[in-house]
Amino acid sequence: MSDEAGHEKLLVALAMAMVDQPRATLQELAKAVGVSKATLYRFCQTRDQLVLRLTTHCAHVLKKALADSHLDTAAPHEALRNLINQNLAHKELTAFLMYNWKPDNEQQPDIMNSWSGYQESLDAFFLRGQREGAFRVDMTAAALTEMLFGVLTSLVDAERRGRVARLGIASVVEQMMLHGIAAEPARATA
């Protein structure tokens with residue numbers, strides 16, 4: 001296994017350890033992921049450094065997921081399906097972000113620079129889908145982006161807690177985004 005693959009595996013394991021043990025010390029995290037305290041300290045010397053490293057790693061991975069989803073070129077429904085599957089492939093990182101993102105992160109240039117363009121890319125995708133008639137236009141593209149975040153993160157967390165089965169989550173997210181929860185499509189009232 002290459003150093004990069006080893007670091008990726010360690011980062012994912014650390015992300016989940018921090019979700020499962022939110023108050024763990026670095027020593028406890030090292031034990032949870034099966035490395036020595038010295039190995040983890042060489043990797044990150046403080047918990048704050050670890051959170052920053054994981055947060056910026058999440059940005060790198062999820063921005064790559066955007067690119068791999070072909071949001072600019074694929075048909076909107078296909079691109080949405082790709083995006084959902086790409087995000088679910090990295091659900092451990094989504095869980096980490098859910099539990100470790102804080103409002104003051106937006107005041108930290110290192111973190112915000114790593115996420116630069118992410119939200120804007122999703123907004124542009126939903127706007128393109130609206131213009132092409134694939135997505136509803138009675139909600140803003142920004143609202144659709146936020147709904148996608150909400151549906152994805154809540155179902156990732158629900159699976160982690162055993163509330164929903166892993167099988168079918170991608171389909172549930174896609175159906176929620178495309179059709180909502182109405183038994184029949186809503187009709188405009190006069």
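That block above? That's the structure.
No experiment lies behind these values; they were computed from the predicted model shown.

A.B. asks: What is the right way to read the overall build of the protein from this model?
C.D. replies: Of the regular secondary structure elements, the protein holds ten helices and zero strands. Of the regular secondary structure in the protein, the N- to C-terminal order runs α-α-α-α-α-α-α-α-α-α. Each principal axis of the C-alpha distribution contributes one length, and for the protein these read about 65 × 35 × 35 Å. With 190 residues in all, the protein has 37% of them scored as buried. In the protein, 62% of the contacts between residues at least 6 apart in sequence involve partners at least 24 apart.

A.B. asks: Please clarify how the environment of Q21 should be interpreted in this entry.
C.D. replies: You can see Q21 is positioned in the loop between α1 (3-20) and α2 (26-33). On the basis of relative accessibility, which here comes to 33%, the residue Q21 falls in the partly exposed class. With 42 residues separating them along the chain, Q21 and K63 place their C-alpha atoms 27 Å apart. Apart from residues no more than four positions distant in its own chain, Q21 is found in contact with E28, L29 and A32.

A.B. asks: Looking at this model, I keep getting lost on the packing of helix α5 (residues 76-88) against helix α8 (residues 118-131). Mind explaining?
C.D. replies: For any two helices packed against each other, the geometry comes down to the angle between their axes and how far apart the axes lie. Close contact between α5 and α8 brings their axes to 10 Å; oriented N to C, the two are set at 150°. Relative to α8, the element α5 lies roughly antiparallel. Considering how the two elements wind past one another, α5 and α8 form a crossing that is left-handed. Residues P76, A79, L80, L83 and N87 of α5 form the contact with α8, whose own contacting residues are Y118, L122, F125, F126, R128 and G129. Its residues assigned to classes, the contact of α5 with α8 shows eight nonpolar, two polar and one charged.

A.B. asks: Just to check I follow, could you spell out the packing of helix α9 (residues 141-160) against helix α10 (residues 169-179) for this structure?
C.D. replies: Their axes nearest at 10 Å, the elements α9 and α10 cross at an angle of 150°. As summarised for this structure, α9 and α10 are arranged roughly antiparallel, according to the angle between their axes. The two elements α9 and α10 cross, and the hand of that crossing is right-handed. Contacts between α9 and α10 involve L144, M147, L148, V151, L152, L155 and E159 from the first element and I169, V172, V173, M176 and M177 from the second. Its residues assigned to classes, the contact of α9 with α10 shows eleven nonpolar, no polar and one charged.

A.B. asks: Explanation requested: α8 in the structure shown.
C.D. replies: Each turn of an α-helix holds 3.6 residues, which means side chains three or four residues apart point in the same direction. Between its terminal C-alpha atoms α8 stretches 20 Å, which fits the 20 Å expected from 14 residues at 1.5 Å a residue. Within the span of α8, buried status applies to Y118, L122, F125, F126, R128, G129 and Q130. Where α8 is buried, its residues meet α4 (47-68), α5, α7 (109-115), α9 and α10.

A.B. asks: Honestly, the side chain of K91 in this entry has me stumped. Any pointers?
C.D. replies: You can see K91 is positioned in helix α6 (residues 91-100). Polar side-chain contacts of K91 include one of 2.9 Å to the side chain of E159. Apart from residues no more than four positions distant in its own chain, K91 is found in contact with V156, E159 and R166.

A.B. asks: For this particular structure, what's the right way to read the side chain of D157?
C.D. replies: Turning to its location among the elements, D157 is positioned in helix α9. Among residues more than four places away in sequence, those in contact with D157 are M98 and Y99.

A.B. asks: How should the nonpolar core be read in this particular structure?
C.D. replies: Ranked by internal contacts, the top residues of the largest apolar core, which has 52 residues, are L14, L29, F96, F126, L148 and V173. If near-sequence neighbours (up to four positions away) are discounted, L14 is found in contact with L29, V33, L40, F43, L50 and L54.

How each quantity is defined
Residues numbered from 1 in each chain as written. Predicted model: local features only at pLDDT ≥ 70, side-chain atom pairs only at ≥ 80, totals over all residues. Heavy atoms only, no water. Helix = DSSP H or I, 4+ residues; strand = E, 2+ residues; numbered from the N terminus. Buried < 20%, exposed > 50% of the residue type's maximum accessible area, 1.4 Å probe, protein only. Contact = heavy atoms within 4.5 Å. Axes fitted to C-alpha atoms, helices over the stretch in contact; angles between N-to-C directions. Parallel < 35°, antiparallel > 145°, perpendicular 65-115°, else oblique. Left-handed = near helix turned anticlockwise from the far one by under 90°. Nonpolar A, V, L, I, M, F, W, Y, C, P; charged D, E, K, R; others polar. Expected span 1.5 Å × (residues − 1). Polar contact = N/O pair within 3.5 Å; in protein donor to acceptor, adjacent residues only side chain to side chain. Core = buried A, V, L, I, M, F, W, Y, C linked by side-chain atoms within 4.5 Å.

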